[in-house]
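Observations on the three-dimensional arrangement
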Amino acid sequence: MKIVVIGGTGLIGSKTVTILRRGGHEVVAASPNTGVNTITGEGLNEAMAGAQVVIDLANSPSFEDKAVLDFFETSGRNLLAAEAAAGVRHHVALSIVGIDRSDNGYFRAKVAQEKLIKASGIPYTVIRSTQFLEFLRGIADSAADGKVVRLPPGLFQPIAADDVAGFVADVALAAPRNGIVEIAGPERAPFNEIVARYLKAVGDPRQVVRDPGARYWGGRVEERSLVPLGEARLGRIGFDEWLRRPRAGA
Ligand SMILES: NC(=O)c1ccc[n+]([C@@H]2O[C@H](COP(=O)([O-])OP(=O)(O)OC[C@H]3O[C@@H](n4cnc5c(N)ncnc54)[C@H](OP(=O)(O)O)[C@@H]3O)[C@@H](O)[C@H]2O)c1
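Residues numbered from 1 in each chain as written. Predicted model: local features only at pLDDT ≥ 70, side-chain atom pairs only at ≥ 80, totals over all residues. Heavy atoms only, no water.

**A look at the site of the ligand**
Around the ligand, a shell composed of 27 residues is seen, among which Thr 9, Leu 11, Ser 31, Tyr 106 and Lys 110 lie nearest. Note that an oxygen atom of the ligand is positioned 3.0 Å from one of the backbone N or O atoms of Ile 12. Here the ligand has 950 Å² of accessible area as a free molecule, and 85% of this is covered by the chains. When atom positions are compared with the pocket grids, the ligand is found to occupy the largest pocket. (Near = heavy atom within 4 Å. Polar contact = N/O pair within 3.5 Å; in protein donor to acceptor, adjacent residues only side chain to side chain. Areas by Shrake-Rupley, 256 points an atom, 1.4 Å probe, with all protein chains shown as cover. 1 Å grid on protein atoms, 1.4 Å probe; cavity = no way out; pocket = protein on both sides within 12 Å on 5 of 7 lines; lining within 4 Å. Sits in = over half its atoms within 2 Å of the grid points.)

**Side note on the nonpolar core**
Note that soluble globular proteins tend to have their nonpolar side chains buried in a common cluster. By size, the foremost hydrophobic cluster in this structure holds 43 residues, and its most contacted members are Ile 6, Met 48, Leu 136, Leu 151, Phe 191 and Val 195. Setting aside its immediate chain neighbours within four residues, Leu 136 contacts Phe 156, Ile 194, Val 195, Tyr 198 and Phe 239. With 24 residues, the next largest nonpolar core counts Leu 20, Leu 57, Ala 165 and Ala 169 among its residues. (Core = buried A, V, L, I, M, F, W, Y, C linked by side-chain atoms within 4.5 Å. Buried < 20%, exposed > 50% of the residue type's maximum accessible area, 1.4 Å probe, protein only. Contact = heavy atoms within 4.5 Å.)

**Considerations on the confidence of the model for the chain**
Confidence along the chain averages 96 in pLDDT terms, with 98% of residues attaining 70 or more. In the model of the chain, helix α8 (residues 239-244) stands out as the element of lowest mean pLDDT, 94, in contrast to strand β3 (residues 53-56), which has the highest, 99. (pLDDT = per-residue confidence, 0-100. Helix = DSSP H or I, 4+ residues; strand = E, 2+ residues; numbered from the N terminus.)

This is the structure:
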């Protein structure tokens, strides 16, 4: 089966490409670096030719509110139009748990991406994931003011990128759900506690302060804003096991 992975050179994309190739599939790792650009349209129609499944794992180079919304809307429109023209039979996209329960610019852009997919008429599966463990450092940096990191105590359930890629590959090989599936890490704990554990484990001296008024990328976070409310598939890699792996603190 020919599968195109948009963002196939990224964190989740490169792992997903490896898993699918191991399974014997013909996989195109598509990204600007390999000559496929969903914003300009470069290489898109050529990449789609003969593809049965397209997995969208692209990410915006900028997280600024307007830039990220423009990215996911333009990329989504161009990609879905190319897929419709090529007769693609399953569109898979990676989204985020709780994007409709907390309000920040990045989440609004992911809501817009999901709306385009639902309206496209192409059979699809949206995978909503919790935050990646690999993203913990970025989260700490975004919430830092000098040596202090302020985070709300809402529940957090991060998942390892290797588990995410495994789920994405499984979903891509299954029939389209025409709906959403949720995935999360195996452990759930307050946001501030997980980030504090992470910083301590990697020797980062910054102090995490529990602050119920602190915002996440500018949005309010309630106790269960960022964790699955219903059924979710859980990854197998726990926090401690992930910390023991090479590059966890990179
Ligand atoms: N971070 C989290 O905790 C989290 C949680 C849930 C869901 N997600 C979602 O997971 C997805 C993948 O994230 P990631 O961290 O794996 O991303 P990443 O490592 O930042 O990789 C982004 C990928 O997008 C590609 N890309 C950028 N601009 C493109 C364009 N114009 N056309 C085609 N490809 C383009 C990049 O290609 P080049 O290498 O060529 O630049 C790269 O392959 C995102 O959609 C994100 O919203 C993230």
